[in-house]
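Commentary on secondary and tertiary structure
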Amino acid sequence: MRKIYIVLAAVFAVSACNNSTVPVYLDPSRSVEERVADALPRLTIEEKVAMLHAQSKFSSRGVPRLGIPEVWCTDGPHGIRPEVLWDDWNQAGWTNDSCTAFPALSCLAATWDREMSLLFGRSIGEEARYRKKDVLLGPGVNICRTPLGGRTFEYMGEDPYLAGQMVVPYVKGVQENGVAACVKHFAVNNQEVRRTSTNSVVDDRTLYEIYLPAFEAAVKEGGAWAIMGSYNLWNGEFNCHNHRLLNEILKGEWGFDGVVISDWGGCRDDDQAITNGLDMEYGTWTNGLRGAPSDSYNNYHLANPYLQRLADGRAGTKELDDKASRILRLIFRTSMAPEAHYGSFNSPEHYEAARRIAAAGTVLLKNDGVLPLSIPDGGRLVVIGENAVKKMVVGGGSSNLKTKYEITPLEALQEAFPNAEVVWERGYVGNVETSYNRVSTGQDLSESRPAPQLLADALSAAEGADAVIFIGGLNKSANQDNESTDKLDITLPYGQDALIETLAAAIPELIVVNISGSPVAMPWAGKVGAVVQGWYGGSETGHALADVLTGAVNPSGKLPFTLPCSLADGPLKTERQYPGIQEEGKEWWQEYYDEGVFVGYRWYASRDIPVCFPFGHGLSYTSFEYGPAKASRSSVRCSGSFGVDEGGESVVKVSVDVRNCGGRDGAEVVQLYLSAPAGDVERPVIELKGFEKLYLEAGKSGKAVLELPRRAFARFDADAHRWVVDPGTWSILVGSSSEDIRSTTEIKVI
Ligand code: GLC
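Residues numbered from 1 in each chain as written. Predicted model: local features only at pLDDT ≥ 70, side-chain atom pairs only at ≥ 80, totals over all residues. Heavy atoms only, no water.

Looking only at helices and strands, the protein chain has 19 helices and 29 strands in total. Here the C-alpha atoms of the protein chain give a radius of gyration of 27 Å, agreeing with the 27 Å that 2.2 N^0.38 yields for 750 residues. The C-alpha extent of the protein chain, read off along each of the three principal axes, is 85 × 65 × 60 Å. Across the 750 residues in the protein chain, those meeting the buried criterion constitute 63%. Taking the contacts inside the protein chain whose residues are at least 6 apart along the sequence as the reference set, 75% of them involve residues at least 24 apart. Put simply, the protein chain shows about 26,400 Å² of open surface, and 51% of that area lies on carbon and sulfur atoms. The positive charge centre, built from 72 side chains, and the negative charge centre, built from 96, are 4 Å apart in the protein chain. (Helix = DSSP H or I, 4+ residues; strand = E, 2+ residues; numbered from the N terminus. Rg over C-alpha atoms; globule rule 2.2 N^0.38 Å. Buried < 20%, exposed > 50% of the residue type's maximum accessible area, 1.4 Å probe, protein only. Contact = heavy atoms within 4.5 Å. Areas by Shrake-Rupley, 256 points an atom, 1.4 Å probe, with all protein chains shown as cover. Lys, Arg positive; Asp, Glu negative; His and termini not counted. Charge placed at Lys NZ, Arg CZ, Asp CG, Glu CD.)

What follows is the structure, given as structure tokens:
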């Protein structure tokens, strides 16, 4: 055997020298598919199997003999994780891996701006490429089913259309750099509680209408090269090797030609790992899910157990060749791509992008004229709250980052008003932890004063101030926007609600900034002068917030999820719905998605339940007037495709003129909701089916043109397993939020 390798190596060496017969798989001028077809038969069985599973915490084997490189993965969705030790979650202590921390994805979703998403993807893709990573483990697009979801901050909100529209540019931007986006966590993984032992029981209509569309868009429109299976089960099978989800839907119905990667420790079964659509197994045992045997990498499910099955005939090579082909395709798309990619890291452009995105995602929820801030020279601004100073790029779970710098809101406000006195008062003590996986912010957040003293000091400092801002919220610690734990409620922790009420009683024009990645209740919203939803904005979080508070940037963010008045108002009413129950004779916890498609605003709007701030809500320092919404067609056929009208159009186009009638430039997210005619199947009273962000100079007008393909009108008929469009008169609602409808029109489906 060894002699063959030596001869083969000699042939390559000679051919490579005279360049006349470079093997096809090494020839960058050949197509990816030609290179895959040429490489596959060159691999031994052992080499194919070795590619299927991790060799370290974040890498898997290439084919050294043939010069085919290893595959290196990295977290996370909003920045490149610091290098870790070979088989350890802790950082390795390198000194060249402090990254640009971009905003968390709930902030990106709040921009409702596809261009921002492309900028985000390109920037983070450049950082991954520069750090020589081939697979970015993100973005996450799991739907916010419950406001308690621990990783809501990493995802793109409660609506499948918004998440789908925002994930596509991100994926394309990343992959332009020869880095695979690995869209996660597939699928119906909408909580952290018992995420590795809960079976999500979801009917097909709900699955196809709510929980799959963002992944479907990432694959079909974004061309994602990788998908990460989720820890949970769906319909009784673990999703890292779920036949229906991976083989039938993802690879079958959607034609996915990329790689399915397990979540770290998500692969649970030797035989299912072979037959049910998994291509790369990572993290088995090494995240504490189960006790690891010695030499655990060779004992992975797709390692020696697979070799054994191939040797004794229990497994054929069909699945093996498919898996290996997909991995080779990944390699020829990334590290061996024909065009050279070099990326860039910690560039001024990336920090500028982070600042722009974080500002564009900031949501002005309420403003009684107290914003933008105006502090005269010699004036006094009082800032109260721990989140004004606490650095939060560190923490939160696998998306934890080591960044070159993180500007806090207080630092940015001090920069913004150099000739005023900017005073900070703690107000409350939240979480004093400052490190995660041995990444530390270097801060000392210790505090000796008792709560009453903190309140008294804050009230005293506020006296006579030109403006007072409370900056609080959550902080990515346990049960507060943190992987592996869900929130316990949506009330603010650390007594912040009472503190805000007390401050508001003394300071009627109090400005409140809530920094969180998920919905919180705001019972005091009616008692303060302004409310701003800030996010985990990354390295430039402070500058971005100050840009909005000072008016340097006119806020244009819109909520990607509903802010309910209370958790009890939501659709999850029973334990079986959340967090799940144990049932006789069933090994795993069972969680029933009984609410069906009525998630988020679909629930609140359909049940006429008042909310604190609705989905899609966000104010500006200017104002916008809408003209009448006009549809390009008065009717469409419900059977088959929409057909092509005289203009050659196969979609309905809805246009609306919008004028910026205020005194400053701004941006408005024009939203389009459809309302189906009454029928046999209960449907949400409204569903988001289009949006466009218009940037308009003061006094100027623009036109939003929103396209409605047939799918926009369709519901999923689970029995027939197809999308169907119901006839009748449909309402088209166009507005500034799901509750602020400015114009309606209608269209007949015949
Ligand atoms: C984690 C997360 C996943 C992450 C992976 C590697 O458990 O669920 O999002 O990419 O493991 O850190």
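The mixed open sheet is built from 4 strands, whose spatial order is β8-β7-β5-β18. Edge strands, defined here as strands with exactly one partner in the open sheet, are β8 (237-238) and β18 (589-592). Note: strand β5 (residues 198-201) against strand β7 (residues 233-234), 2 bridges, orientation parallel. Paired with N199 across the two strands is L233, which belongs to β7. (Pairing = 2+ DSSP bridges.)

With the rule as written, the count across this model stands at 51 salt bridges. Ionic pairing is found between D457 and R449, a salt bridge with its closest N-O pair at 2.8 Å. Given the relative accessible area of 27%, R449 is considered partly exposed. Overlapping salt bridges, with partners in common, bring together E386, E425, R426, E447, R449 and D457 in one network. (Salt bridge = Lys/Arg side-chain N within 4 Å of Asp/Glu carboxyl O.)

As a further point, take the confidence of the model for the protein chain. Looking at the protein chain as a whole, the pLDDT averages 95, with 95% of positions reaching at least 70. Counted against residues more than four places away or in other chains, residues 11-19, with its pLDDT under 50, gives 9 contacts. (pLDDT = per-residue confidence, 0-100.)

Tracing the backbone shows E319 in helix α12 (residues 318-333). Sequence-wise, E319 and G277 are 42 residues apart; in three dimensions their C-alpha atoms are separated by 8.5 Å. Excluding residues within four positions of it along the chain, E319 makes contact with I274, T275 and Y306.

Turning our attention to the pairing of strand β10 (residues 363-367). Counted residue by residue, β10 has 4 buried out of 5 residues, so it is predominantly covered. Across 4 bridges, β10 lies against strand β17 (residues 530-534) in antiparallel orientation. Each residue of the ladder has a partner; that of K366, found in β17, is V531.

Moving on, we get to the domain arrangement of the protein chain. Note: interface size is frequently given as the accessible area lost on complex formation between the parts. Domain boundaries assigned for the protein chain yield domain 1 (2-82 + 96-333), domain 2 (362-553) and domain 3 (622-749). For domain 1 versus domain 3, the distance between C-alpha centres works out to 35 Å. Each partner contributes to the interface: domain 1 provides 17 residues, whereas domain 3 provides 20 residues. Overall, the association of domain 1 and domain 3 removes approximately 1,500 Å² of surface from exposure, summing both partners, and the carbon and sulfur fraction of that is 57%. (Domains from an automatic or database assignment. Buried area = accessible area lost by both parts, 1.4 Å probe.)

Enumeration over the complete set of coordinates arrives at 0 disulfides. C73 forms no disulfide, and the closest cysteine sulfur to it belongs to C182, at a distance of 7.2 Å. Accessibility expressed as a relative area gives 1% for C73, which makes it buried. (Disulfide = S-S within 2.5 Å.)

What follows is about the site of the ligand. Around the ligand sit 15 residues in total, of which D75, K184, H185, Y231 and D263 are the nearest. Between an oxygen atom of the ligand and a side-chain N or O atom of D75, the distance comes to 2.6 Å. In this structure, K184 approaches the ligand through a side-chain N or O atom, which is 2.8 Å from an oxygen atom. Considering the ligand on its own, with 310 Å² of exposed area, one finds that the protein chains cover 98% of that surface. (Near = heavy atom within 4 Å. Polar contact = N/O pair within 3.5 Å; in protein donor to acceptor, adjacent residues only side chain to side chain.)

Bringing unusual backbone geometry into the picture now. Of the consecutive residues D75 and G76, the connecting peptide bond is found in the cis state with omega at -5°. Along the chain, G76 falls in the loop between β2 (71-74) and α4 (105-111). The amide bond that connects K184 to the next residue, H185, takes the cis arrangement and shows omega of -5°. Structurally, H185 is set in strand β4 (residues 180-186).

The next thing to look at is the nonpolar core. I68 and F186 are the most contacted members of the largest nonpolar core, which totals 123 residues. Ranked by the residues each element gives to this core, the list is headed by helix α6 (residues 160-175), at 8 residues. The residues that make up this core include at least three from each of domain 1 (2-82 + 96-333) and domain 3 (622-749). Beyond its immediate stretch of four places on either side in the chain, I68 contacts Y25, A39, L43, G62, V63, L328, I331 and M336. Listed in part, the 70 residues of the second largest apolar core include A388, V468, V528 and V531. (Core = buried A, V, L, I, M, F, W, Y, C linked by side-chain atoms within 4.5 Å.)

Moving on, we come to the sheet that holds strand β23 (residues 666-675). The 5 strands are arranged β21-β29-β28-β23-β24 in an open sheet whose pairing can be described as mixed. The sheet is open, and its two borders are formed by β21 (635-636) and β24 (687-696), each paired with just one other strand. Pairing geometry for strand β28 (residues 728-735) and strand β29 (residues 741-749), over 8 bridges, is antiparallel. Note on β29: the bridge partner recorded for L733 is T744.

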